[in-house]
Amino acid sequence: MRVDKVKNGAIVVQNNQFFTLEVSNWDMFLNRTNLHRKLLNDLIGAIEIDDVDLESLEVPMGTQEIWAAGVTYLKSKDARKEESRKAGSASFYDQVYDAERPELFFKASALRTVAHNGTVRIRKDSKWNVPEPELTLLLSSQGTIEGYTIGNDMSSRSIEGENPLYLPQAKTYDGCAALGPCIYVLDKLLPVKTGIRLDILRKSKTVFSEEIQLKKMKRKLQDLVDYLFRENSFPNGCFLMTGTGIIPSKEFTLQIGDKTLISIEGIGTLTNIVA
Ligand code: DO4
Ligand code: MG
């Protein structure tokens, strides 16, 4: 079942049938344990429609924070070691990859997050920039995984590589995150063989394309969630980006006008333009 956010409501797609729901409070609508069962209940008496206008989708979030996990895939560890060698901090990435405690950081508020087809930004003071395609969890205030969406953890590799203490500036700024196009709500866990794919188009030509499976992630999703909830409360639930397993080679940097397409099996494709 997928849930899309539209003006004044939600569209729920279940078995190829489309339903509209009025939603007065997205925080409360999303922050429900056993969300799958509750949505099925919401659908009783809901209005069926023919199709969804994908242009009209909003970011499928209320006021929840977006947090992110880092260095959860070998590819990310290796790329970060390389970019931070000059700064003398390469060994930190080996340490965090092998440590019991994961890297977790605050990524974005709703204010800094754009929707499917929206414009993500690269910082003007950054020379080396990449999108990071990440499976993103919708978590209830109880710390349960209630849904899955697609996140783009836009990152400045030049700022992050200069000094690891600059991470918040490399990661958090206006237009630094994209989320959507929908929330995928299942009554079971997402299969580990799920594929995550990144395509980058420049002037309609593909300049980067790669795919990875979720099973390549070193950490368990629930362990990331448990660490995040150790000393943080989220009265409306929150989102957690789970790290990237795809990083373009060091010669690659995003350019203004590039189109990023992040696809995750079952969820769909999150498309954004870079500005
Ligand atoms: O350690 C820096 C950030 C890591 C990250 O964002 C990722 O691995 O996805
Ligand atoms: Mg990331």
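The preceding data block contains the structure.
Reference entry: report on the structure contained in this document.

Donor atoms from the polypeptide that coordinate the magnesium ion (ligand 2) comprise Glu-132 (OE), Glu-134 (OE) and Asp-153 (OD), at 2.0 to 2.1 Å from the metal. Each donor residue of the magnesium ion (ligand 2) lies on one chain, and together they are spaced E-x1-E-x18-D. Of this pair, Glu-132 sits in the loop between β9 (129-130) and β10 (133-139) while Asp-153 sits in strand β11 (residues 145-153); the two residues are 21 residues apart in sequence, bridging distant segments of the chain. In this structure, Glu-132 and Asp-153 share a single accessibility class: buried.

For the rest of this paragraph, the subject is the site of ligand 1. Around ligand 1, the surrounding shell holds 16 residues, and the nearest of these are Val-71, Ser-76, Glu-103, Lys-171 and Thr-244. The contact in question runs from an oxygen atom of ligand 1 to an N or O atom on the side chain of Glu-103, over 2.8 Å. Here an oxygen atom of ligand 1 sits 3.0 Å away from a polar atom, N or O, in the side chain of Asp-153. Calculation on ligand 1 without its partners gives an accessible area of 280 Å², and the protein chains cover 99% of this total. Among the secondary structure elements, those contributing two or more residues to the shell around ligand 1 are β5 (66-70), α3 (74-83), β6 (103-108) and α6 (167-171). When its residues are assigned to classes, the shell around ligand 1 shows five nonpolar, four polar and seven charged.

Classification of Asp-153 as buried rests on a relative accessible area of 1%. Excluding anything up to four places from it in sequence, Asp-153 contacts Phe-105, Lys-107, Val-130, Pro-131, Glu-132, Glu-134, Lys-171, Cys-176 and Met-241. Side-chain polar atoms of Asp-153 contact the side chain of Lys-171, separated by 2.8 Å.

Moving on, we come to the sheet that holds strand β8 (residues 119-120). Across the sheet, five strands lie side by side as β8-β18-β17-β14-β15; this open sheet has mixed pairing. In this open sheet, the two strands that pair with only one neighbour each are β8 and β15 (205-213).

Quick look at unusual backbone geometry now. Between Gly-180 and the following residue, Pro-181, the backbone shows a cis peptide bond with an omega angle of 0 degrees. Located in the positive-phi region is Asn-8, a residue other than glycine, with phi close to 65 degrees. Tracing the chain through its elements places Asn-8 in the loop between β1 (2-6) and β2 (9-14). Here Asn-8 falls in the exposed class, since its relative accessible area comes to 63%. The phi dihedral of Asn-16 falls on the positive side, at around 65 degrees, and the residue is not glycine. You can call Asn-16 exposed: its relative accessible area is 71%.

Cut-offs and rules
- Residues numbered from 1 in each chain as written.
- Chains lettered and ligands numbered in written order.
- Predicted model: local features only at pLDDT ≥ 70, side-chain atom pairs only at ≥ 80, totals over all residues.
- Heavy atoms only, no water.
- Donors = N, O, S within 2.8 Å, 3.2 Å for Na, K, Ca; no water.
- Helix = DSSP H or I, 4+ residues; strand = E, 2+ residues; numbered from the N terminus.
- Buried < 20%, exposed > 50% of the residue type's maximum accessible area, 1.4 Å probe, protein only.
- Near = heavy atom within 4 Å.
- Polar contact = N/O pair within 3.5 Å; in protein donor to acceptor, adjacent residues only side chain to side chain.
- Areas by Shrake-Rupley, 256 points an atom, 1.4 Å probe, with all protein chains shown as cover.
- Nonpolar A, V, L, I, M, F, W, Y, C, P; charged D, E, K, R; others polar.
- Contact = heavy atoms within 4.5 Å.
- Pairing = 2+ DSSP bridges.

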